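The lines below spell out each chain.
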Amino acid sequence: MSTPAHTSRRRALLTELRVAPSILSADFARLGSQVSEVLAAGARVIHIDVMDGHFVPQITFGAVVVSALADLIHDAGAFADVHMMVEHPERHLPEIAKAGADGITIHAEATPHLHYALQAIRDAGCTAGAAVNPATPVDALSEIAADSLDLALCMSVNPGWGGQSFIPHSAGKLQRLRAMLPDGVALEVDGGVHEQTIGTCVASGANLLVTGSAVFGSDDPAGTYLRLAQAAGAG
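Numbering of residues starts from 1 in every chain and runs along the sequence as written. Totals for whole chains, interfaces and linings use all residues, but because this is a predicted model, local features are given only for residues with pLDDT of at least 70 and pairs of side-chain atoms are given and counted only at 80 or more. Water and hydrogen atoms play no part in the side-chain values, which are based on all heavy atoms of the structure.

Engineer: Tell me about the overall build of the protein, and please be specific about residues and values.
Structural biologist: Strands are runs of DSSP state E lasting at least two residues, helices are runs of H or I lasting at least four, and both sets are numbered from the N terminus onward. When helices and strands are counted, the protein shows 9 helices and 8 strands. We take the radius of gyration over the C-alpha atoms and set the globule estimate at 2.2 Å times the residue count to the 0.38 power. Compactness check: the protein gives a C-alpha radius of gyration of 16 Å against a globular reference of 18 Å for 235 residues, within 12% of the reference. Principal-axis analysis of the C-alpha atoms gives the protein an extent of 40 × 40 × 35 Å. Burial analysis of the protein (235 residues in total) assigns 55% to the buried set. In the protein, of all internal contacts separated by at least 6 residues, the share reaching a separation of at least 24 is 64%. Surface summary for the protein: the accessible area is close to 9,600 Å², and the carbon and sulfur share equals 52%. When charges are counted, Lys and Arg contribute as positive and Asp and Glu as negative, whereas His and the chain ends are disregarded. Lysine's charge is taken at NZ, arginine's at CZ, aspartate's at CG and glutamate's at CD. Averaging the coordinates of the 13 positive side-chain charges in the protein and doing the same for the 24 negative ones gives two points 4 Å apart. Three exposure classes are used, based on accessible area relative to the maximum for each residue type with a 1.4 Å probe and protein chains only: buried under 20%, partly exposed in between, and exposed over 50%. Residue contacts follow a heavy-atom distance rule, with two residues in contact if any of their heavy atoms lie within 4.5 Å. The method behind every accessible area is Shrake-Rupley, applied with a 1.4 Å probe, and residues are considered shielded solely by the protein chains displayed.

Structure representation (structure tokens):
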């Protein structure tokens, strides 16, 4: 069972420069072993994409998979970073939190009650994040940045599909988000992050670098994770 000190340490990971492998691109037949590989290599933020087939075309997994991985992640002192690409996410927050999520990120476009939903995430004991799609301006987060956010997520591809190319204007968007966010609020980037783009993401202000196919699509996920962390100057 997690102690308050362990939980505090995991949450501190949000403010560090970290590569966050995304299990969306993992081999689901070997999901536990692949997550174990990158944890053993030093990964301390594991990104878990929950998709509903409505907000995005794909359907992935939900609380059952979060629960199956939570102990594995927590035993390594790592953070379960759940990214909910679902309509009306507020309906599912208690279940995802109970399953073992450390942080839950929802989309600004997915609910008319963003402030309420973020408060509900914190009330459930998780850190609260809000994501914006490529066409959504950073101003969508301006009214809640100061008091409701622990993390802002900039989608640098269109959500719902793995393996897409980094959208070039995302670098400027990351810079605008970083300038708008208070100190202590993490800035995460998700989509098309690999050895050729990760340096741009860091230079633009991102400190959490989600990468899926670059890691789990390789023949050596652990080795690729280490190369990406080195390229980013990350822990």
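Engineer: Hey, could you go over the packing of helix α2 (residues 31–41) against helix α9 (residues 221–232) for me, with residue numbers and the actual values?
Structural biologist: For the pair α2 and α9, interaxial distance at closest approach is 8 Å and the crossing angle is 40 degrees. Compared by their axis directions, α2 and α9 come out oblique. Crossing geometry of α2 relative to α9 is assigned as right-handed. On α9, the residues that touch Gln34, Glu37, Val38 and Ala41 of α2 are Pro221, Ala222, Tyr225 and Leu226. Note on geometry: axes are C-alpha line fits, over the in-contact stretch for helices, and angles between N-to-C directions span 0 to 180 degrees. Any angle from 65 to 115 degrees is called roughly perpendicular, while one under 35 is roughly parallel, one over 145 is roughly antiparallel, and all others are oblique. By convention, the crossing between two helices is left-handed when the near helix turns anticlockwise from the far helix through less than a right angle, and right-handed when the turn is clockwise.

Engineer: Summarise the environment of Leu228; cite the residues concerned and give the values.
Structural biologist: Relative to the helices and strands, Leu228 resides in helix α9. The sequence separation of Leu228 and Gly199 amounts to 29 residues, and the corresponding C-alpha distance is 9.4 Å. Among residues more than four places away in sequence, those in contact with Leu228 are Val19, His194, Glu195, Ile198, Thr211, Ala214 and Val215.

Engineer: I'd love a proper account of helix α3 (residues 63–75), names of residues and values included.
Structural biologist: With 13 residues, α3 extends 19 Å from end C-alpha to end C-alpha; this agrees with the ideal 18 Å at 1.5 Å per step. The quantity called bend is, for any residue, the angle between two axes fitted respectively to the seven residues ending at it and the seven beginning at it. Taken as a whole, α3 carries its principal kink of about 35 degrees at Leu69. Among the residues making up α3, those that are buried are Ala63, Val65, Val66, Leu69, Ala70, Ile73 and His74. Positive phi appears at Gly77, one or two residues downstream of α3, with a value of about 75 degrees. To estimate how far a helix should extend, the number of its residues minus one is multiplied by 1.5 Å.

Engineer: Please provide a residue-by-residue account of the pattern of salt bridges, values included.
Structural biologist: When a carboxyl oxygen of Asp or Glu is within 4 Å of a side-chain nitrogen of Lys or Arg, the pair counts as a salt bridge. In the structure shown here, the tally under the stated rule is 5 salt bridges. The shortest N-O distance in the salt bridge between Arg18 and Glu16 comes to 2.9 Å. Look at Glu16 and you get partly exposed, because its relative accessible area is 23%. Several salt bridges converge on common partners, so that one network encompasses Arg9, Glu16 and Arg18.

Engineer: Go over unusual backbone geometry with me, naming the residues and quoting the values.
Structural biologist: Of note in the backbone geometry, His88 takes a positive phi value of approximately 45 degrees without being a glycine. Relative to the elements of secondary structure, His88 occurs in the loop between β3 (79–85) and α4 (93–98). Classification of His88 by relative accessible area gives partly exposed; the value is 27%.

Engineer: Before we move on, could you go through helix α5 (residues 114–123) and cite the residues and values that matter?
Structural biologist: Inspection of α5 places Leu114, Ala117, Leu118 and Ile121 among the buried residues, and these make up the whole buried set. All buried residues of α5 project into a common sector of 100 degrees when viewed along the axis, lining one side. Those residues of α5 that are exposed and aimed more than 90 degrees away from the buried face are Tyr116 and Asp123. Its buried side turned inward, α5 meets α4, β4 (103–107) and β5 (127–132). Downstream of α5 by a residue or two, Gly125 has a phi angle that is positive, lying close to 95 degrees. Each direction from the helix axis to a C-beta atom contributes to the arc, which is the arc of those directions.

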